[in-house]
Amino acid sequence: MANLQIKLVKSTIGSKKDQIATVRSLGLKKIGDTVVQPDNPQTKGKIHKVAHLIEVTEA
């Protein structure tokens with residue numbers, strides 16, 4: 001199974017509380033933080049919810 005590299009590129013200031021919680025659940029705290037998550041439906045749903053704040057590449 002493939003992995004996805006996710007990077008926070010925009011601030012969560014001004015975002016809705018559920019979007020902030022989604023970013024945190026992905027393991028991102030500050031701008032520039034990068035995490036590797038498995039490519040599964042749960043992760044894809046989180047990515048879709050906060051796509052305007054993150055950058056995704058295949059790891």
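Please refer to the structure placed before this passage.
Because the structure is a prediction, the values reported are computed rather than measured.

Some words on the overall build of the chain
For the chain, the helix and strand inventory stands at two helices and three strands. Mapped in sequence order, the helices and strands of the chain form the string β-α-β-α-β. A compact globule built from 59 residues would reach a C-alpha radius of gyration of about 10 Å, and the chain, at 10 Å, matches this within 12%. On the principal axes, the C-alpha backbone points of the chain span a range of 35 × 20 × 15 Å. In the chain, buried positions account for 27% of the 59 residues. In the chain, the share of contacts with a sequence separation of at least 24, taken over all contacts with a separation of at least 6, comes to 73%. Roughly 4,000 Å² of accessible area belongs to the chain as shown, and the carbon and sulfur atoms make up 52% of that amount. Placing the 10 positive and 5 negative side-chain charges of the chain at their respective mean positions leaves the two points 9 Å apart.

Here we look at the environment of Asp33
Looking at the secondary structure, you find Asp33 in the loop between helix H1 (17–25) and strand S2 (34–38). The spacing of Asp33 and Val9 is 24 residues in sequence and 8.2 Å in space, taken between C-alpha atoms. Not counting chain neighbours up to four residues away, the residues in contact with Asp33 comprise Ile6, Lys7, Leu8 and Leu28. A distance of 3.1 Å separates a polar side-chain atom of Asp33 from the backbone nitrogen of Lys29.

Describing the pattern of salt bridges
For the structure shown, the criterion picks out two salt bridges. With its nearest N and O atoms 3.0 Å apart, the salt bridge here joins Lys49 to Asp18. Note that Lys49 is positioned in helix H2 (residues 41–49) and Asp18 in helix H1, a separation of 31 residues in sequence. Residues Asp39 and Lys44 are paired through a salt bridge, measuring 3.5 Å at the closest nitrogen-oxygen approach. For Asp39, a relative accessible area of 22% puts it in the partly exposed group.

Regarding the environment of Leu4
Positionally, Leu4 belongs in strand S1 (residues 3–8). Excluding residues that lie within four positions of it along the chain, Leu4 makes contacts with Val35, Val36, Gln37, Asp39, Ile47, Val56, Thr57, Glu58 and Ala59.

Conventions and cut-offs
Residues numbered from 1 in each chain as written. Predicted model: local features only at pLDDT ≥ 70, side-chain atom pairs only at ≥ 80, totals over all residues. Heavy atoms only, no water. Helix = DSSP H or I, 4+ residues; strand = E, 2+ residues; numbered from the N terminus. Rg over C-alpha atoms; globule rule 2.2 N^0.38 Å. Buried < 20%, exposed > 50% of the residue type's maximum accessible area, 1.4 Å probe, protein only. Contact = heavy atoms within 4.5 Å. Areas by Shrake-Rupley, 256 points an atom, 1.4 Å probe, with all protein chains shown as cover. Lys, Arg positive; Asp, Glu negative; His and termini not counted. Charge placed at Lys NZ, Arg CZ, Asp CG, Glu CD. Polar contact = N/O pair within 3.5 Å; in protein donor to acceptor, adjacent residues only side chain to side chain. Salt bridge = Lys/Arg side-chain N within 4 Å of Asp/Glu carboxyl O.

All quantities given are derived from atomic positions and should not be read as evidence of function.
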